[in-house]
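Report on the structure
The primary structure of each chain is shown beneath.
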Amino acid sequence: PKEFEGRYHLTIANPPFGKVRQTPEMVEKFGRSMHGHPNLYGLFMDLGITITKPGGQIAYITPTSYLAGNYFKNLRKTLAELAPPLTIDLIESRKEVFPDVLQEVAMATFLRGGKRQPVSCSKVSVTAEGMEVQRLGATALPWIRAEPWILPRTPQDVPLIEAASKMRH
């Protein structure tokens, strides 16, 4: 609804996920971020952009399929243009964190109206002592905003991803 546009300084969500049947109303509200089969969490991510004030932050716990999946290319473009990511942390041991989750999980923060900048990446693991966060460095998003967002899984991946990002094809 219009009354919620730009209302919040901080939006935090662990949205539901799963494919949904596309409707004309859905296309009207979320068409900028949809391509192919819509997924509930992608619609929630778009909604977060709408309800967050410029300069506000958005934080999501979601599956990682939006990072590279073809059905999420318009969502990546919309996020990169309107709320670029600040951090993306990959949950390595998701079964210890989220029982019954089969997909890889990411925790990500975005800045509504922010400028494009390298994304800080980390790997989060569950250990006997609790949680371990391994900083992996920062990586740039592709120039073509709808292209897959390739993220490091280990510190050794960072130089490879940087080199690949400078290639023309």
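Structure shown above.
Here goes a summary of the coordinates provided. This is a predicted model, so every value here is computed, not measured. (Residues numbered from 1 in each chain as written. Predicted model: local features only at pLDDT ≥ 70, side-chain atom pairs only at ≥ 80, totals over all residues. Heavy atoms only, no water.)

Next up on the list: the packing of helix α2 (residues 40–51) against helix α3 (residues 73–82). Where α2 contacts α3, the axes come no closer than 11 Å and their chain directions differ by 20 degrees. For the element pair α2 / α3, the angle class is roughly parallel. Handedness of the crossing formed by α2 with α3: left-handed. In contact with G42, M45, D46 and I49 of α2, α3 contributes L75, T78, L79 and L82. For the contact of α2 with α3, a count of residues per class yields 5 nonpolar, 2 polar and 1 charged. (Axes fitted to C-alpha atoms, helices over the stretch in contact; angles between N-to-C directions. Helix = DSSP H or I, 4+ residues; strand = E, 2+ residues; numbered from the N terminus. Parallel < 35°, antiparallel > 145°, perpendicular 65-115°, else oblique. Left-handed = near helix turned anticlockwise from the far one by under 90°. Contact = heavy atoms within 4.5 Å. Nonpolar A, V, L, I, M, F, W, Y, C, P; charged D, E, K, R; others polar.)

Attention shifts here to the environment of R32. When you line up the elements, R32 lands in the loop between α1 (24–30) and α2. R32 gets classed as partly exposed once you look at its relative accessible area, which sits at 39%. Taking C-alpha positions, R32 is 40 Å from G130, a pair spaced 98 residues apart along the chain. In this structure, R32 is in contact with D46, I49, T50, N74, T78 and L82, ignoring residues within four places of it in sequence. (Buried < 20%, exposed > 50% of the residue type's maximum accessible area, 1.4 Å probe, protein only.)

Pairing geometry for strand β5 (residues 119–127) and strand β6 (residues 130–139), over 9 bridges, is antiparallel. Residue V124 lies in a different strand from β6, and its bridge partner there is V133. Hairpin connection of β5 to β6: 2 residues between the antiparallel strands. (Pairing = 2+ DSSP bridges.)

Before going further, it helps to spend a moment on the pattern of salt bridges. If you walk through the whole model with that rule in mind, you get 4 salt bridges. Here D46 and R32 are joined by a salt bridge, their closest N and O atoms 2.9 Å apart. In this pair, D46 is assigned in helix α2 and R32 in the loop between α1 and α2, connecting sequence segments 14 residues apart. Looking at D46, the relative accessible area reads 0%, which means it is buried. A salt bridge links K77 to E81, with the nearest nitrogen and oxygen atoms 3.1 Å apart. One end of the pair, K77, and the other, E81, are both in helix α3, 4 residues apart, so they sit about a helical turn from each other. Look at K77 and you get partly exposed, because its relative accessible area is 36%. (Salt bridge = Lys/Arg side-chain N within 4 Å of Asp/Glu carboxyl O.)

What follows deals with the nonpolar core. Ranked by internal contacts, the top residues of the largest apolar core, which has 23 residues, are M45, Y66, L67, L79, I88, F110 and W149. With residues up to four places along the chain from it excluded, the contact list for F110 reads M45, G56, Q57, I58, Y60, Y66, L79, A83, P84, P85, L86 and W149. (Core = buried A, V, L, I, M, F, W, Y, C linked by side-chain atoms within 4.5 Å.)

Here 6 strands make up an open sheet; going across it, the order is β1-β2-β4-β3-β5-β6 and the pairing mixed. With one partner strand each, in any of the chains shown, β1 (8–13) and β6 form the two edges of the open sheet. Each neighbouring strand pair of the sheet contributes to a mean axis angle of 15 degrees, computed without reference to strand direction. Examined bridge by bridge, strand β2 (residues 52–63) and strand β4 (residues 105–111) share 7 bridges and lie antiparallel to one another. Paired with I61 across the two strands is M107, which belongs to β4.

The next point concerns the pairing of β4. Relative to β4, strand β3 (residues 85–91) runs antiparallel, the two being bridged by 6 bridges. Paired with P85 across the two strands is F110, which belongs to β4.

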